[in-house]
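Coordinate inspection notes
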Amino acid sequence: MAPRGYDALYRPARIAPAPRRTAVVLLAAGLWVLTMTSLALLGFVVGMTTLWSAAEGIPVGGFLLRCFGGLSGGAAVLVAVRLAPGAKRMPPDTRSLLLAVLACPIPLVLAIAMWFYVA
């Protein structure tokens, strides 16, 4: 047998490096940063509203329940999409981009609307 043929058949397997998708990773990271920043701003506003309302003696249970319900509903949708068979077959960076695209618009629009409403 030729040395090159023997080498091709019996040498240790080489693991091919994963293809680089820096654009997808950077876009997903940017969308996640926007999402987390807007959620942090909304969380701060909800916390301050709750604190001020409690200091004034206004009941805040219904307000907090609605906020928590909206957050839980959004998290449930993201988990359901993440566990869908089509999303499980995606590469991790593409799956992260899909989840970021689904997660970003609602908190971002709410944070922008709140910013302009207050200012």
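The present account deals with the structure reproduced in this document. (Residues numbered from 1 in each chain as written. Predicted model: local features only at pLDDT ≥ 70, side-chain atom pairs only at ≥ 80, totals over all residues. Heavy atoms only, no water.)

Note on placement: Thr 35 falls in helix H2 (residues 22-56). We classify Thr 35 as buried; its relative accessible area is 1%. Placed 73 residues apart in sequence, Thr 35 and Leu 108 show a C-alpha to C-alpha distance of 6.3 Å. (Helix = DSSP H or I, 4+ residues; strand = E, 2+ residues; numbered from the N terminus. Buried < 20%, exposed > 50% of the residue type's maximum accessible area, 1.4 Å probe, protein only.)

With that settled, the discussion passes to the packing of helix H5 (residues 92-103) against helix H6 (residues 105-118). Each packed pair of helices is defined by two parameters, the angle between the axes and the distance between the axes. Relative orientation of the contacting elements H5 and H6 amounts to 35°, with a least axis distance of 5 Å. Packed against H5, whose contacting residues are Val 101, Leu 102 and Ala 103, the element H6 presents Pro 105, Ile 106 and Pro 107 at the interface. In the contact of H5 with H6, the residues fall into 6 nonpolar, no polar and no charged. (Axes fitted to C-alpha atoms, helices over the stretch in contact; angles between N-to-C directions. Contact = heavy atoms within 4.5 Å. Nonpolar A, V, L, I, M, F, W, Y, C, P; charged D, E, K, R; others polar.)

Between side chains of opposite charge, a pair can form when the charged atoms approach closely. This structure, assessed with the given rule, holds 1 salt bridge. We note a salt bridge from Arg 21 to Asp 93, for which the minimum N-O separation is 3.8 Å. Here Arg 21, found in the loop between helix H1 (3-10) and H2, pairs with Asp 93, found in helix H5; they are 72 residues apart in sequence, far enough to count as distant. (Salt bridge = Lys/Arg side-chain N within 4 Å of Asp/Glu carboxyl O.)

Each turn of an α-helix holds 3.6 residues, which means side chains three or four residues apart point in the same direction. Counted at 1.5 Å a residue, the expected span for H5 with its 12 residues is 16 Å, and the 16 Å between its end C-alpha atoms agrees. Buried within H5 we find Asp 93, Arg 95, Leu 97, Leu 99, Ala 100 and Ala 103. Those residues of H5 that are buried are in contact with H2, helix H3 (61-82), helix H4 (85-88) and H6. (Expected span 1.5 Å × (residues − 1).)

In this structure, Ala 28, Leu 31, Leu 97, Ala 100 and Cys 104 together form the largest nonpolar core, which totals 5 residues. Elements that contribute at least two residues to this core include exactly H2 and H5. Once you skip the residues sitting within four places of it in the chain, Leu 97 turns out to touch Val 24, Leu 27, Ala 28 and Leu 31. (Core = buried A, V, L, I, M, F, W, Y, C linked by side-chain atoms within 4.5 Å.)

Geometric descriptors of this kind do not, in isolation, establish any biological role.
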